[in-house]
Amino acid sequence: MKTPSARNVPALLQALHQEGYTGTVRVSGVPGGTIHLRDGLIGAIETPGAPTATSALLASGRIEDDAWLAARAAEPDADRLDLHLVAAGLIGAAELEVVCTAAVFDGAFAMALSPPGGWELTEREPTLLARPGVEPRPLAEETTRRMALLTRLWGPAGELARVRPEPVIGDSLRPEPVAGGRVRSEPGMGDPVRSGAIAVDRVRSEPVIIGEAIVGTPATGQPAIAQPATGRGAPEADSDTPAADGGHPKPGRRGLTRRHQDLIESVNGRRTPRDLAFARGRGLYAVMLDLIRLETLQAVRWETGTTFDGRPSTAPRVLQGQQGQQGQQASDEPSPRAGPLPRRRPGEGSPFGDLGAKGG
Amino acid sequence: MTAHAPTESLTGILASLRERVMGVAESVLSTVDGLLVVADVDTVHAESVAALAAATLGVGRRMADQSGTGALREVVIRCAAGHVIVVAVGERTLLTVMGDDGLDIAAFQRESPATVEQLNKVLAADVAH
Amino acid sequence: MGGLGEKRPALQASLDRLLDSPGVTGVALIDAVTGLTYGAAGDVAQAGTGTEGADLATLISERLGDAGAEGELESVVMTSRRRLQVLLSVHRSAGDPLLLAAGLDRDRANMALALRTLGDRAREVLA
């Protein structure tokens, strides 16, 4: 089929959506990525910049390695793997949809962090898919929203992608806890939790009052996160022994959610947000949000403006909180171009969403 | 040139590889005798990797020989949670790179010739002094 | 959003079923970290936007954590004269937390029962 002419990847995906295209879009760049389309909808995105659904399922321990391999062997058409995983009782159908959809949005976001080189269309390559798939317009809009939010919260997303956070050692700066257990917040009570009660400012026709917030382990009575049994299931070794974690003592943990604590376990001064995402089987964007929060809480810190080995960077400095060019990496190495290929069109801006010079 | 300069340069090149190729987590430079030269590591035991790298490449070469597929380029070991790549650096040295599940193998294959060349230069300069 | 597939997508079916729960007028399944809405049914406006729900749950979690509460946030109930808006934590064995946002009509059901029923059914939403 004739490649529709498009000035950038989002426009290309729109055109392919109109046509109900089934096949593959390979986007070159550093790192580039592969977009899988079925009937015009995006079913999966693979990029070195973010974990795929498969990677997340395995690294998080949701599906064990052996079970996965057996499923792959039993279902040769990867497009149908989701049906098999559900039929085998390895994961619920709705949950798998959530994981696969999340991965599409995360992959698009990761690809938006670097400028694309160009693209080519190839035929369908079977892979684990989100069903029914994501439309290109909401995908581009959400990607743009994410980039804008990160810039507002912290700074250019491209720069955030390059930080290598390390844990902050020492006592937590958070206040001493009061007696634990179930906490209820009710209007009129003078307990400390109520002082945290929030009047939600919502545009509604009636006033809304916080009634109560209940904390506790979820009603199922099972632990919030099950421990995976074997193999790759464990999201890397969360060891308590100092030798294993490099010798750094754990920072104070009071008040941090479980997933924040787990993330801090993986933070080691070498890993970028992307590396942390792969290590924990989580999304890149979610990890970035958590890292921003953890930095604010002074549980992690990172240097911006220095290179990995501590030498001052020669990259242009963009200070935190200032509005910078979205999506532009501070020190872009030109990506190697192999030269023009048939049907390639150079993209403008980034693969997803119009970034341009957005104010935060 | 002091004894330190080449080591810094070598580790600098290894760390730079980590910066340039997404998914590279750790790397080890070692000799064909299984000895460690220098490493940019975090969790792996560099000496053990050094000992294994020579054997890995050796077996890879013999297999390439047996299959008549030409000169070995690199050995890529793909695992549940990542990849290990072993590539020769000149005649006497090996580079082992450990990456996660999202290792950009295409980028690695683009970058490794230049990396190997830089490593060779520093190693040759070291020998010359 | 059309799609190939012999039947309605599983998540959509799950959420549609929740509309049968007494008093429920709208539901949405939200990522508690990113605020992404994975699916919705009924009067979605009643359930609030995904990012609002996620932000609210995070804020409340942290306030409660600061105050020394142990465990993870289970639910948030926002009450007005005629309506309830609820955020329920959805259990999953691995992966980032999810929230079920729901809007309920107070006139149509006994609220304690409605919340209890919704809470029970919410556990099955990922099946």
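Structure: above.
Fair warning: this is a prediction, and the values are worked out from it, not measured in the lab.

Analysis parameters
As a convention, each chain's residues are numbered from 1 in the sequence order in which they are written. Just so you know, chain letters begin at A and ligand numbers begin at 1, following the order they were written in. With the structure being a predicted model, the display of local features is reserved for residues of pLDDT at least 70 and the display and counting of side-chain atom pairs for 80 or more, all residues being used for whole-chain, interface and lining totals. Hydrogens and water are ignored here; the side-chain numbers use all heavy atoms of the structure. Criterion for a salt bridge: a side-chain nitrogen of Lys or Arg within 4 Å of a carboxyl oxygen of Asp or Glu. Working definition: with a 1.4 Å probe on protein chains only, accessible area under 20% of the residue-type maximum means buried, over 50% means exposed, and in between means partly exposed. Here a strand is any run of E in DSSP of at least two residues, a helix any run of H or I of at least four, and the numbering for each starts at the N terminus. It only takes one pair of heavy atoms within 4.5 Å for two residues to be counted as in contact. Fitting a line to C-alpha atoms yields each axis, with helices limited to the stretch in contact; the angle taken between N-to-C directions then spans 0 to 180 degrees. Any angle that falls under 35 degrees is termed roughly parallel, while one over 145 is termed roughly antiparallel, one within 65 to 115 roughly perpendicular, and all others oblique. Ten residues, namely Ala, Val, Leu, Ile, Met, Phe, Trp, Tyr, Cys and Pro, are considered nonpolar, four, namely Asp, Glu, Lys and Arg, are considered charged, and the remaining ones, Gly among them, are considered polar. A pair of strands is treated as paired once DSSP finds two or more bridges between them.

**Q** Describe the pattern of salt bridges, and please don't skip the residues or the numbers.
**A** Inspection of every chain in the model, using the stated rule, returns 25 salt bridges over all chains. One salt bridge connects Asp120 of chain C with Arg123 of chain C, and the closest N-O pair in it is separated by 3.0 Å. On the basis of relative accessible area, Arg123 of chain C is assigned to the partly exposed category, the value being 39%. Connected through shared salt-bridge partners, Arg38, Asp77, Asp79 and Arg124 of chain A make up one network.

**Q** Tell me about the side chain of Asp275 of chain A, and name the residues and values.
**A** Position of Asp275 of chain A among the secondary structure elements: in helix α9 (residues 273-280). Non-local contacts of Asp275 of chain A, meaning those with residues more than four positions away in its chain, are made with Arg164 and Arg270 of chain A together with Gly23 and Asp100 of chain B.

**Q** Tell me what's going on with the packing of helix α5 (residues 93-112) of chain A against helix α10 (residues 284-296) of chain A, and back it up with residues and numbers.
**A** Residues and elements named next belong to chain A. At their nearest, the axes of α5 and α10 sit 8 Å apart, and the two run at 75 degrees to each other. Here α5 is positioned roughly perpendicular relative to α10, judged by the angle of their axes. Facing Asp106, Phe109 and Ala110 of α5, the residues of α10 in contact are Leu284, Tyr285 and Met288. Its residues placed into classes, the contact of α5 with α10 shows five nonpolar, no polar and one charged.

**Q** Before we move on, can you summarise the sheet that holds strand β2 (residues 33-38) of chain A with the specific residues and values?
**A** Residues and elements named next belong to chain A. Spatial ordering of the open sheet is given by β3-β2-β1-β4, a layout of four strands whose pairing is antiparallel. Edge positions in the sheet fall to β3 (41-46) and β4 (116-122), since each of these pairs with one other strand and no more. Each strand of the sheet is rotated relative to its neighbour by a mean of 20 degrees, with strand direction disregarded. For strand β1 (residues 23-29) and β2, the ladder comprises five bridges, and the chain directions are antiparallel. Residue pairing across strands places Arg26 opposite Thr34, the latter belonging to β2. Strands β1, β2 and β3 of the sheet are contacted by α5, whose axis makes an angle of about 60 degrees with β3.

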